[in-house]
Amino acid sequence: MTLAANKTLVNITRFRQDFPILQQEVNGKPLAYLDNGATTQKPQIVIDTVRDYYERDNANVHRGVHTLSARATDAYEAARHKIKDFINANSEKEIIFTGGTTEAINLVASSYGQSRIGQGDEILISTMEHHSNIVPWQMLCQRTGATLKVIPMNKHGELLFDEFKQLINARTKLLAIVHVSNALGTINPIEAMITIAHQHDVPVLVDGAQAIAHTSVDVQALDVDFYAFSGHKMFGPTGIGVLYGKQELLEAMPPYQGGGDMISVVSFSGTTYNELPYKFEAGTPNIAGVIGLGAAVDYLTNIGLDNIAAYEHHLLDTLTDKAQDIEGLRIIGQAENKTSILSFLVDGAHAADIGELLDQQGVAIRAGHHCAMPVMEFFHINASARASLAFYNNEEDITQFIAALNSSLTLLR
Ligand code: PMP
């Protein structure tokens with residue numbers, strides 16, 4: 001079925017108009033932005049919301065007695081409420097604002113990790129993690145004497161489930177797993193993994209950076225313990241992200257950073273900490289970022305994540321079919337269950353050269369190791385080229401990409 005033949009799919013494409021940045025030409029060609037795995041573009045409503053906040057309401061939150069501060073605080077907390085509903089958390093107390101996925105994972109590694117993980121314990125991750133779900137755990141292992149264990153994958157880029165079941169044991173203190181791989185597009189079976197982890201009393205952190213804009217996430221249905229994501233990968237501002245954590249876990253965890261807002265009483269004889277979620281939000285937060293993220297959540301909710309997932313599935317199939325016709329093109333990551341990402345190599349051409357030549361033709365992709373060097377090591381490659389989709393991409397983008405790739409390859413090979 002072509003896109004034009006399907007009503008839901010057609011309806012999605014009209015939202016492209018909401019993104020002013022996509023209306024430009026780059027190097028004399030219409031911009032085909034296919035680097036959504038790195039960051040997404042912002043709809044007008046997010047841009048306007050951030051600008052309106054600075055033009056009308058800018059003040060510090062939770063502190064001032066004046067009107068602007070009350071407005072800023074209301075908008076900030078309203079955004080927390082929207083995000084709580086968006087992922088179906090039980091309470092606003094479970095929504096901690098961070099700088100992004102990276103900081104959210106570091107928060108758990110520092111606070112939960114330092115207080116609950118020690119010598120002889122094991123932390124379980126997988127081969128396909130982004131560096132930000134590897135390095136914080138390596139650092140924690142160095143500090144505590146714990147050991148990092150790694151779930152292997154097959155040549156399609158799918159985790160080996162039986163190996164996972166073998167690796168989890170009485171020493172395992174945490175499973176930290178990516179929901180959607182940014183290097184391969186694999187959607188991991190996190191629900192089944194969480195069930196098994198919980199049978200062993202192992203809490204689970206999910207890195208949702210690449211999932212949150214492509215599939216609906218219900219933290220209560222998943223029964224996930226921690227879920228981390230970034231605003232900039234879901235059409236919101238940079239520098240803002242979320243750590244969802246189950247309330248009872250967050251309550252028991254020590255603060256991550258000390259400073260203003262995270263305290264209740266400070267005295268030289270001792271300090272008591274603020275209640276959730278403020279215990280984990282030391283200092284003046286990224287107020288504009290939070291409010292902008294709230295606008296992005298409203299925007300996404302209006303389109304519907306299920307509609308987005310169906311459309312992107314179709315778009316990825318189209319992209320994959322066309323790419324496979326190119327001689328010598330090898331797809332890195334062919335999981336049965338995948339979304340939004342086409343990582344590839346072409347015989348006789350370097351990924352970086354492909355990226356540069358595509359840019360000259362208005363097509364933005366990424367070339368490199370995608371902050372997932374162990375994935376590159378597994379496939380015995382240094383880098384791959386990656387086209388990554390969002391719901392505002394359309395068949396014209398794909399046609400432009402394939403044509404530009406073909407003409408680049410005639411120069412390179
Ligand atoms: N995990 C995954 C799977 C990612 O794709 C990314 C961003 N590329 C991150 C974590 C880190 O996100 P951020 O840089 O926004 O903190």
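On a predicted model such as this, the values are computed, not experimentally measured, just so you know.

Novice: Kindly report on the environment of Leu 316, identifying the contributing residues and their values.
Specialist: Within the secondary structure, Leu 316 is located in helix α11 (residues 305-324). According to the relative accessible area criterion, Leu 316 is buried, its value standing at 4%. Not counting chain neighbours up to four residues away, the residues in contact with Leu 316 comprise Lys 338, Thr 339, Ser 340, Ile 341, Leu 342 and Leu 389.

Novice: Describe the side chain of His 232, naming the residues involved and giving the relevant values.
Specialist: Among the secondary structure elements, His 232 is positioned in the loop between β9 (226-230) and β10 (241-245). Accessibility expressed as a relative area gives 17% for His 232, which makes it buried. Contacts of His 232, omitting those with residues within four sequence positions, involve Ala 38, Thr 39, Thr 40, Lys 42, Pro 237, Thr 238 and Ile 240.

Novice: An account of the pattern of salt bridges is needed here, citing residue identities and associated values.
Specialist: Evaluated as defined, the whole model comprises 15 salt bridges. Through salt bridges with shared partners, a single network forms among Asp 48, Arg 51, Asp 52 and Glu 55.

Novice: Which residues make up the site of the ligand, and what are the values?
Specialist: Residues in close proximity to the ligand include Thr 101, Thr 102, His 130, Ser 132, Val 178, Asn 182, Asp 207, Ala 209, Gln 210, Ser 230, His 232 and Lys 233, which together make up its full environment. Between the ligand and Asp 207, the relevant distance is 2.5 Å, taken from a nitrogen atom to a side-chain nitrogen or oxygen of the residue. Taking His 232, its side chain carries an N or O atom lying 2.7 Å from an oxygen atom of the ligand. Each residue belonging to the shell around the ligand can be placed in one class, and the counts come to two nonpolar, eight polar and two charged.

Novice: So, unusual backbone geometry: which residues are in play, and what are the values?
Specialist: For the bond running from Leu 276 to Pro 277, omega is 0°, close enough to zero to count as cis. For Pro 277, the location among the structural elements is in the loop between β12 (270-273) and α10 (287-303). Phi at Asn 27 takes a positive value of approximately 55°, unusual for a residue other than glycine. With respect to the helices, strands and loops of the structure, Asn 27 is situated in the loop between β1 (25-26) and β2 (29-30). The class of Asn 27 is partly exposed, set by a relative accessible area of 48%. Positive phi values are uncommon outside glycine, yet Cys 371 reaches one of about 55°. In this fold, Cys 371 is placed in the loop between β16 (366-368) and α13 (373-378). Exposure remark for Cys 371: the relative accessible area of 24% places this residue in the partly exposed category.

Novice: A description of the sheet that holds strand β17 (residues 384-388) should follow, citing residues and the corresponding values.
Specialist: Read from one edge of the open sheet, four strands run β13-β14-β17-β16, paired in antiparallel fashion. Edge positions in the sheet fall to β13 (329-331) and β16, since each has one partner strand and no second. Taken over all neighbouring pairs, the strand axes of this sheet differ in orientation by 30° on average, direction set aside. Where strand β14 (residues 341-346) meets β17, four bridges bridge the pair, whose relative direction is antiparallel. Bridge pairing in β17 links Phe 344 to Ala 385. Sitting on the sheet, α11 touches β13, β14 and β17, and the angle it makes with β14 is about 10°.

Novice: Tell me about the packing of aromatic side chains, and name the residues and values.
Specialist: This model, assessed by the stated rule, comprises 16 aromatic pairs. Centre to centre, the rings of Phe 344 and Phe 401 are 6.0 Å apart; their planes meet at 75°, and the pair counts as edge-to-face. Taken together, the residues Phe 344 in strand β14 and Phe 401 in helix α14 (residues 395-412) connect sequence positions 57 residues apart. Side by side, Phe 344 and Phe 401 carry an identical accessibility label, which is buried. Their ring planes at 85° and their centres at 4.9 Å tell us that Phe 378 and Phe 379 sit as a pair that is edge-to-face. What makes Phe 378 partly exposed here is its relative accessible area of 31%. Cluster of aromatic residues (ring-pair linked, three or more members): Phe 15, Phe 19, Phe 235, Tyr 299, Phe 391 and Tyr 392.

Analysis parameters
Residues numbered from 1 in each chain as written. Predicted model: local features only at pLDDT ≥ 70, side-chain atom pairs only at ≥ 80, totals over all residues. Heavy atoms only, no water. Helix = DSSP H or I, 4+ residues; strand = E, 2+ residues; numbered from the N terminus. Buried < 20%, exposed > 50% of the residue type's maximum accessible area, 1.4 Å probe, protein only. Contact = heavy atoms within 4.5 Å. Salt bridge = Lys/Arg side-chain N within 4 Å of Asp/Glu carboxyl O. Near = heavy atom within 4 Å. Polar contact = N/O pair within 3.5 Å; in protein donor to acceptor, adjacent residues only side chain to side chain. Nonpolar A, V, L, I, M, F, W, Y, C, P; charged D, E, K, R; others polar. Pairing = 2+ DSSP bridges. Axes fitted to C-alpha atoms, helices over the stretch in contact; angles between N-to-C directions. Phe/Tyr/Trp six-rings, centres within 6.5 Å; stacked < 30°, edge-to-face > 60°.

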